Amino acid sequence: GAVVSQHPSRVICKSGTSVKIECRSLDFQATTMFWYRQFPKKSLMLMATSNEGSKATYEQGVEKDKFLINHASLTLSTLTVTSAHPEDSSFYICSAREGNRPPYEQYFGPGTRLTVT
Amino acid sequence: KNQVEQSPQSLIILEGKNCTLQCNYTVSPFSNLRWYKQDTGRGPVSLTIMTFSENTKSNGRYTATLDADTKQSSLHITASQLSDSASYICVVSAQNYGQNFVFGPGTRLSVLP
């Protein structure tokens, strides 16, 4: 099956610094990628939808200036957490959609554990 | 409001036993329903996808059912293995929601030896 990778898998950073997380679709082209955040024992919460070559669409309550998303190619989307604070510590998961007609197949990455100290 | 509910919240069974997880949804207009397995600290992995016209789909020891009239789905796991310990997430897509996912809260399954 299709594979989606994320890098890094874990990152620890200091408050005030920025962290970039990469999401790649390894064997298919993804016109749409999604970024999710997951708190312990909770389900995934959609942060934003990213379409290749256009601006990301953010969910209500998600600060677009804090969570910068770039979808520069059909196989790569990046999430940059700017001026990170301890409350940004979380598990971030990306997913990539394959196909042009529903039901789209949507593959998830393995996630990135961000810890802000 | 589009919502997906799952029950039970958590479940403990012995290895080799069967179990059934439930999913109820109010997502409309319905497009498709998926079951994902998520191991701790990992991303979700797709188990099944069902559209409106499908009422059952199997993937190995996993069998999902869908009743679009009652808006209910179940995931049946047979002959459970220790590796089945994970969270199982029911996800529903709506036709007019850009096919975006509405996630259930998940059922945490623990399989004990």
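Preceding this section is the structure that the text describes.
Residues numbered from 1 in each chain as written. Chains lettered and ligands numbered in written order. Predicted model: local features only at pLDDT ≥ 70, side-chain atom pairs only at ≥ 80, totals over all residues. Heavy atoms only, no water.

Participant: Account for the overall build of chain A, naming residues and giving values.
Facilitator: Across its full length, chain A holds zero helices and eleven strands. Tracing chain A from N to C terminus, the helices and strands come up as β-β-β-β-β-β-β-β-β-β-β. Going through the 117 residues of chain A one by one, you find that 50% of them count as buried. Of the contacts formed within chain A by residues at least 6 apart in sequence, a portion of 54% connects residues at least 24 apart. Carbon and sulfur atoms make up 50% of the accessible area of chain A, which amounts to about 6000 Å² in all. The centroid of the 13 positive side-chain charges in chain A is displaced by 5 Å from the centroid of its 10 negative side-chain charges. (Helix = DSSP H or I, 4+ residues; strand = E, 2+ residues; numbered from the N terminus. Buried < 20%, exposed > 50% of the residue type's maximum accessible area, 1.4 Å probe, protein only. Contact = heavy atoms within 4.5 Å. Areas by Shrake-Rupley, 256 points an atom, 1.4 Å probe, with all protein chains shown as cover. Lys, Arg positive; Asp, Glu negative; His and termini not counted. Charge placed at Lys NZ, Arg CZ, Asp CG, Glu CD.)

Participant: Any details on the sheet that holds strand S7 (residues 67-73) of chain A? Residues and values, ideally.
Facilitator: Residue and element names in this part refer to chain A. The strand order across the open sheet built from four strands is S1-S3-S8-S7, with neighbouring strands paired in antiparallel fashion. Across the chains shown, the open sheet's two edge strands, defined by having one partner strand only, are strand S1 (4-7) and S7. Strand-to-strand twist across the sheet, computed as the mean angle between neighbouring axes with direction ignored, equals 15°. Sheet analysis places S1 next to strand S3 (residues 19-25), joined by four bridges and oriented antiparallel. (Pairing = 2+ DSSP bridges. Axes fitted to C-alpha atoms, helices over the stretch in contact; angles between N-to-C directions.)

Participant: Pulling in residues and values, what's your account of the environment of Ser5(A)?
Facilitator: Residues and elements named next belong to chain A. In this structure, Ser5 sits in strand S1. With relative accessibility at 22%, the residue Ser5 sits in the partly exposed group. A C-alpha to C-alpha distance of 25 Å links Ser5 and His85, two positions 80 residues apart in sequence. With near-sequence residues (within four places) excluded, Ser5 lies in contact with Glu22, Cys23, Arg24, Leu26, Cys94 and Pro110.

Participant: Let's hear about the state of the cysteines: which residues, and what values?
Facilitator: A covalent bond bridging the sulfur atoms of two cysteines is what the word disulfide describes. Residues and elements named next belong to chain B. Counted according to the given criterion, the structure contains two disulfides over all chains. Across a sulfur-sulfur distance of 2.0 Å, Cys23 and Cys90 are joined as a disulfide pair. Its torsion about the S-S bond being -70°, the disulfide of Cys23 and Cys90 is classed as left-handed. Of the two residues, Cys23 sits in strand S3 (residues 19-25) while Cys90 sits in strand S9 (residues 86-94), which places them 67 residues apart along the sequence. The class for Cys23 is buried, based on a relative accessible area of 0%. The class of Cys90 is buried, set by a relative accessible area of 0%. (Disulfide = S-S within 2.5 Å.)

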